[in-house]
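Architecture at a glance
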Amino acid sequence: MASSHRYRRPLSTLLASALVAIGLTALQGGAPAAAAQTIGDPTPAQALRTVAQFKGEWDSPPTTLSNGETVDAPLMGNGDVGVAVGGSIDDQTFYLGKNDFFSTATNGIEPLGRIVLAVPGLKGSSYHVVQNIAQAQVEGTYTLGNQTLSSRSWVSATGNLFVTTLRLSGSRTQDATVTVQDGLGKTPSTSAKNAVLDADVQAGTTDAPGNPHARIATSVRGTTARPSGNRISLTLKPGTTYTLAAAIRSSHDTPDYRSVAHATAAALTDGALSKLYAAHESWWRAYWSRSFVQIPDQAVEKSWYGSLYLLGSVSRAGKYAPGLWGNWLTGNMNWYGDYHANYNYEAAFYPALSTNHVAQMGSYDDPILDWMPRGKAKAEAAGYKGVLYPVGISPNGTSAADDLYNQKSDAVNFASDMVMKYEYTRSASYARKVLPYLQQVGLFWQDYLTWDATTGTYIIENDAPQEGGVYPQTNSILSLGLVHLLFQGLIDMSKDLHINSSLIPAWQHIDSHLAPLPTMTRNGQTVFRQTSEGSGWVSDGNDVAVQAVYPGLQVGLNSPADLLQTARNTVAQLDNWHSDNSPATLYAAAAMVGYNPSTLMEELHAEATAYSYPNMAVHHYGGGIENLNVTTSGLDEMLLQSAQHDIKVFPNWPTDSNAKFGGLLAYGNFEVSSSIRNNAVEYVRLTSRSGGNVTVTNPWPGKSMEYYANGVHKGTLSGTTIKLNTSVGETIDLAPAGTELATVHHELAQPAEAATTTSLTTGFETGQPQPTWTDTVDNIDTKGDGNYGITGLCCGLTGPQAAVRTGEQSHTGDASLMYSGYANGGSYDHAYLQVYGFNGAPLTVRAGTRLSYWIFPQSAATTPWVSAGSDDSTCVAVDLIFTDGSALRDSGAGTHPADQCGHLTLDTWNHVTVDLGAVKAGQSISKILVGYDRPGATGGYRGYIDDVSIG
């Protein structure tokens, strides 16, 4: 987002939609103006229909419940109270968490309580549980013999009430108990009155001034409940519906939390519960109606919706912000479960922006603003103005980890969400709320930056990009990006509010003269390094080297070509798609700089499958709800970009992949909808929520477009970009020249058309389909079998290879795919490497489809890296993975790599063909692999593959 590419909206709202004569031409010969044609917003219907497809399912109880991190259980929540479901029906535990339950003794978040539902007579029953995200409820079915117990659980979206209904079928009654425990599974203080069991709990095991307390008031409807101690006993009769309800109130909710919780539980009637459930459904319908995506890869699409379900469950305006693990707290949580400032806390809220769920950011600012007095004191103690924040804060001006770890970037990292939220919404009231904080952060950096007269730049000294980096650490690339973003936000907000005119020149000078992003040469490529002096290239699972791209937003598709290439090189060499700390920001960064979209889609597919629990939570060690941003922002930046104040639809999308989205949010508070089919954008719809100017990159390069505003034809536009003035609430439709508005309306209302590919032909030459991956083992697909015992062939290589080479050996042209590796004599030695991915548009196998390729296995005669007399290089084959998880090598077609050993001729081009239609007709290919497989072999193997075709 370099300043030369920034587009600033005028302060006043321009009432008429007008053509700005920069970058476009009005064609006067267009169709005459017509009467307005109106259409209702199709986004809600599309969104509700799409989300209804996706559910989480379990056929056995969850197993990851007590590691202090992300759990694999069915999840519910209302942005304050969260519930995770563990165990079988004879001992099923509902773990209760609450965002405000931070202990004042530790400043860490603590679990609130547990409710254990036990039906011992159904021990050994089958287990089938569904997390229904469209309706925000968890549905269970438990069968033993001729008896089935059905359950439906939900956390009221509009009140802190947890509800479970039970219905038994069969011929026998079943005894059941409901036991209320504290957050660590111990017996709390209890009392019973009016058939309500009241349990009083506190945060943690140590009481301290201000320590939050809570009451869990539990009742059971449908029978005469028998409370005793911390347990309610009841008898379940077949054909009768029973309702377990627990009202939860904390001392942060109200000083009268005990009486309020009890009264809520005691007053519940069937009618009251029905109204609460209707309100619950209504809230979630409205939530889902705001936006949608429809793409061919159903796993990634499901992950996008699943992440939004978890976002809606974990955060709500007017409540405490969620900590590292959200409100699903099953015990003592790692890292205090606090608000970690060096990306974790921030990343959890980024997805609320582009997905048009800005309301879920309502709790974000409060703990940051509450910490300002301590931030000022911390800066003053260090000898600086402004504010200085530590790595970990907690609510109400407290801190669980009050250490800088030599990072000066925590406060400006916190600022990133605030600046982004303003740029997306252009809300003046929000700017007024956060400007005092942002100005204090800016004041710190104005005081901390050093002017280097030799280079004419401001430099950042002794600021570690990662925790604990020791002096010298100069020009952290993370801080450079975030400081740019901070001052750009301060300038925008101040200009729009007509304030700070005396401060803006200094801010502009800093923004224009910050030290350049540091670079280095690695593996023959220019890449970003973490600092200009200090940390260089660090391979530790982080993506700090590209965080100036995201969340810093200083590089995008409008940036200079060399800067974009450096960013893409950095992403490729980081290769941290599935590391512990990168995914929350790496995917969005890669999309923003135009990294190979097929690779992005395939790696997102892995996140949605191999790195996701059935509850749709993407999980990596040490990472909690920040992973809500993996699929959401990663996918959104492939579909829509606007951070450089220039709306681009499908800016980084795989070819031959149909897709559609509606209601995504762009900078300037524009809701955007679009569709792509057969590699052509069908339309762009913009709804202006705040008025003002908008810039759109022409999605039909070199062609003109029809321009409709509020259903009225306004003329025909052309140019590389168009700039329009909009009024509040105005809807603009853009479509290829000659497109009637009725056609746009029809396309808006249709679901995305399924995309498939029927053929592939490549000789790996420039302009032909290039591999999705380079030197990438297929260890994320359980059917791919990955790598066992194969190391690098030579020269410091760490693993097997599959990469395009030019000028070496080729069957035709100048390029081919080189493969290599070194077998170490293991009983199962093999290596399967990913080459092409088709999850964006699966490649369909028809009756006559054939696989054809040429392979050149090398011997010692043509490469020094293969032992004399070895034919290991022949134990290689092109392999296919199908969307059902099966592999070609196991199909019986004789294509297993081990079957090729000794059957291919060394040092010559061998032609291999496979009749795919005979073994896999009707199936679809998701990946192409190159596999080596020869158990017990020792030594190197190497060769080339060329002219691959499927069709």
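Note that this is a predicted model, so its numbers are computed, not measured. (Residues numbered from 1 in each chain as written. Predicted model: local features only at pLDDT ≥ 70, side-chain atom pairs only at ≥ 80, totals over all residues. Heavy atoms only, no water.)

Most of strand 45 (residues 876–882) sits inside the fold, with seven of its seven residues counted as buried. Burial along strand 45 is two-sided: Val 876, Val 878, Leu 880 and Phe 882 and Ala 877, Asp 879 and Ile 881, pointing in opposite directions, are all buried. (Buried < 20%, exposed > 50% of the residue type's maximum accessible area, 1.4 Å probe, protein only. Helix = DSSP H or I, 4+ residues; strand = E, 2+ residues; numbered from the N terminus.)

Right, let's get into the sheet that holds strand 21 (residues 398–401). Hydrogen bonds along the backbone pair up the strands of a sheet, which may run parallel or antiparallel. Spatial strand order, 19-20-21: three strands in an open sheet with antiparallel pairing. At either end of the open sheet lies a strand with only one pairing partner, and these are strand 19 (339–340) and strand 21. Pairing of strand 19 with strand 20 (residues 392–394), which is carried by two bridges, proceeds in the antiparallel orientation. Paired with His 340 across the strands is Gly 392, a residue of strand 20. (Pairing = 2+ DSSP bridges.)

What the rule picks out here adds up to eleven cavities of 30 Å³ or more. Here the largest cavity defines a volume of roughly 160 Å³. Contributing to the lining of the largest cavity are 16 residues, with Thr 70, Trp 328, Ala 617, Gly 624 and Ile 625 lying nearest its centre. When its residues are assigned to classes, the lining of the largest cavity shows eleven nonpolar, four polar and one charged. (1 Å grid on protein atoms, 1.4 Å probe; cavity = no way out; pocket = protein on both sides within 12 Å on 5 of 7 lines; lining within 4 Å. Points joined across faces, edges and corners; volume = space filled by probe spheres on them. Nonpolar A, V, L, I, M, F, W, Y, C, P; charged D, E, K, R; others polar.)

Considering the arrangement of structural elements, one finds Gly 86 in strand 4 (residues 81–86). Classification of Gly 86 as buried rests on a relative accessible area of 2%. Between the alpha carbons of Gly 86 and Asp 946 there is a distance of 52 Å; along the sequence they are 860 residues apart. The contact partners of Gly 86, leaving out residues within four places of it in the chain, are Pro 62, Leu 65, Asp 91, Gln 92, Thr 93 and Tyr 95. (Contact = heavy atoms within 4.5 Å.)

Read from one edge of the open sheet, nine strands run 2-7-8-9-10-17-14-13-12, paired in antiparallel fashion. The outermost strands of the open sheet, each flanked by one partner alone, are strand 2 (55–58) and strand 12 (189–193). Taking the axes of each pair of neighbouring strands and ignoring which way they run, one obtains an average angle of 15° across the sheet. Two elements, strand 14 (residues 213–221) and strand 17 (residues 241–250), share eight bridges in a ladder whose sense is antiparallel. Note that in strand 17 the partner of Ser 219 across the bridge is Ala 245. Packed onto the sheet, helix 2 (residues 257–266) meets strand 12, strand 13 (196–202), strand 14 and strand 17 and runs at close to 15° relative to strand 14. (Axes fitted to C-alpha atoms, helices over the stretch in contact; angles between N-to-C directions.)

In this model, the largest pocket occupies a volume close to 1300 Å³. What lines the largest pocket is a set of 39 residues, and nearest its centre among them are Ala 572, Asp 575, Thr 774, Asp 775 and Thr 776. At the level of elements, helix 13 (561–574), helix 15 (597–609), strand 37 (776–777) and strand 40 (801–806) are the ones that each hand at least two residues to the lining of the largest pocket. A per-class count over the lining of the largest pocket returns 14 nonpolar, 20 polar and five charged. Looking at the second largest pocket, its volume works out to about 560 Å³. Taken together, 26 residues line the second largest pocket, and the ones lying closest to its centre are Asn 679, Val 681, Pro 699, Trp 700 and Pro 701. Considering every element that reaches the lining of the second largest pocket, the biggest residue donor is strand 30 (residues 680–688), with three residues. Of the residues assigned to the lining of the second largest pocket, the class counts are 13 nonpolar, eight polar and five charged.

Helix 11 (residues 477–497) packs onto helix 9 (residues 410–425) with a crossing angle of 40° between their chain directions and a minimal axis gap of 9 Å. Relative to helix 11, the element helix 9 lies oblique. In the crossing of helix 9 with helix 11, the sense of the turn from one axis to the other is left-handed. In this structure, helix 9 uses Val 412, Asn 413, Ala 415, Ser 416, Met 418, Val 419, Tyr 422 and Glu 423 to contact helix 11, whose residues at the interface are Leu 478, Leu 482, Val 483, Leu 485, Leu 486, Gln 488, Gly 489, Asp 492, Met 493 and Asp 496. Of the residues belonging to the contact of helix 9 with helix 11, the class tally is eleven nonpolar, four polar and three charged. (Parallel < 35°, antiparallel > 145°, perpendicular 65-115°, else oblique. Left-handed = near helix turned anticlockwise from the far one by under 90°.)

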